[in-house]
Amino acid sequence: MQPMDEIYQKYAQIVYRYLLSLVHDQDMAEELTQETFYQAVKSIDRFDGSCQISTWLCAIAKNQLRSWQRKHPPFETLEEYDQTAESAEQDVLDAAARVEWMKKLHLCPEPYREVMYLRIFGDLSFKEIGEIMARTENWARVTYYRGKERLRKELVKDES
């Protein structure tokens, strides 16, 4: 087993980008990454080597996110609505196509959806996605391509 500081150096970016793909907030992803490694240090004796370290760390990260979400239910603040009418209108026009695309992406079946989230929002390489999902780099590439094709067909179908 590698020393924890080596594990942190090697996998911190992977865990951070994985969390960033889920929360879309850099500060939150950073905080959860630190909490993930804290929990990993506390439970390193339970790591049995049956999976890759990156997979184990991402599972801890996902659990940390779920725990945080239970403690902090979502709410909207007034600042989110403090926009001028002109910028709000422009935002709606600019976001209309993006919202439709995101709806379609959200409805994609697994594993397409998660691979696409990790690639697009997490900015992870196919190799990193393969590690996280305990699959090969090639599997991640093919899954991403197939998911992208499904989305394209759905969007073309809706335009008809």
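Computed from a predicted model, the values in this text were never measured in an experiment.

## Quick notes on the confidence of the model for the protein
Okay, so step 1: Mean pLDDT for the protein: 81, with 83% of residues reaching 70 or above.
Okay, so step 2: Helix H4 (residues 85–107) is the least confidently modelled element of the protein, averaging 68 in pLDDT, while helix H2 (residues 26–42) averages 91, the highest of any element.
Okay, so step 3: Across residues 76–85 the pLDDT falls below 50, and counting only partners more than four positions away or on other chains, this stretch makes 4 contacts in the model.

## Details of H2
Okay, so step 1: The terminal C-alpha atoms of H2, which comprises 17 residues, lie 24 Å apart, in line with the 24 Å expected from a rise of 1.5 Å per residue.
Okay, so step 2: Those residues of H2 that fall on the buried side of the exposure criterion are Met28, Ala29, Leu32, Thr33, Thr36, Phe37 and Ala40. End-on view of H2: buried residues confined to an arc of 165°, all on one side of the axis. Summarising the geometry of H2, the exposed residues directed more than 90 degrees from the buried face are Asp27 and Lys42.

## Remarks on the pattern of salt bridges
Okay, so step 1: Counted according to the given criterion, the structure contains 4 salt bridges.
Okay, so step 2: One salt bridge connects arginine 141 with glutamate 137, and the closest N-O pair in it is separated by 3.0 Å. Here glutamate 137 and arginine 141 lie together in helix H7 (residues 137–159), a separation of 4 residues that amounts to about one turn.
Okay, so step 3: Glutamate 149 is paired through a salt bridge with arginine 152; the nearest N and O atoms lie 2.9 Å apart. Note that glutamate 149 and arginine 152 are positioned in helix H7 at a spacing of 3 residues, about one turn of the helix.
Okay, so step 4: Overall, the relative accessible area of 21% leaves glutamate 149 in the partly exposed class.
Okay, so step 5: Owing to a relative accessible area of 43%, arginine 152 belongs among the partly exposed residues under this scheme.

## Details of the nonpolar core
Okay, so step 1: Within the largest apolar cluster, 38 residues are counted, with the highest numbers of intra-cluster contacts made by Tyr11, Leu19, Phe37, Leu57, Ile129 and Ile132.
Okay, so step 2: For this core, the secondary-structure elements that each account for two or more residues are helix H1 (4–23), H2, helix H3 (53–71), helix H5 (112–120), helix H6 (126–132) and H7.
Okay, so step 3: Looking at this core element by element, the count peaks at 10 residues for H1.
Okay, so step 4: Aside from chain neighbours lying at most four places away, what touches phenylalanine 37 is Met4, Ile7, Tyr8, Tyr11, Ala12, Val15 and Leu57.

## Describing the packing of H2 against H3
Okay, so step 1: Axis separation between H2 and H3 bottoms out at 9 Å; the angle between their running directions is 120°. Classed by the angle they form, the pair H2 and H3 counts as oblique. H2 and H3 meet at a crossing whose hand is right-handed. Between H2, through Met28, Glu31, Leu32, Glu35, Thr36, Phe37, Gln39 and Ala40, and H3, the contact on the second element is made entirely by Trp56, Leu57, Ile60, Ala61, Gln64, Leu65 and Trp68.
Okay, so step 2: Residue composition of the contact of H2 with H3, by class: 10 nonpolar, 3 polar and 2 charged.

Rules of the game
Residues numbered from 1 in each chain as written. Predicted model: local features only at pLDDT ≥ 70, side-chain atom pairs only at ≥ 80, totals over all residues. Heavy atoms only, no water. pLDDT = per-residue confidence, 0-100. Helix = DSSP H or I, 4+ residues; strand = E, 2+ residues; numbered from the N terminus. Contact = heavy atoms within 4.5 Å. Expected span 1.5 Å × (residues − 1). Buried < 20%, exposed > 50% of the residue type's maximum accessible area, 1.4 Å probe, protein only. Arc of directions from axis to C-beta. Salt bridge = Lys/Arg side-chain N within 4 Å of Asp/Glu carboxyl O. Core = buried A, V, L, I, M, F, W, Y, C linked by side-chain atoms within 4.5 Å. Axes fitted to C-alpha atoms, helices over the stretch in contact; angles between N-to-C directions. Parallel < 35°, antiparallel > 145°, perpendicular 65-115°, else oblique. Left-handed = near helix turned anticlockwise from the far one by under 90°. Nonpolar A, V, L, I, M, F, W, Y, C, P; charged D, E, K, R; others polar.

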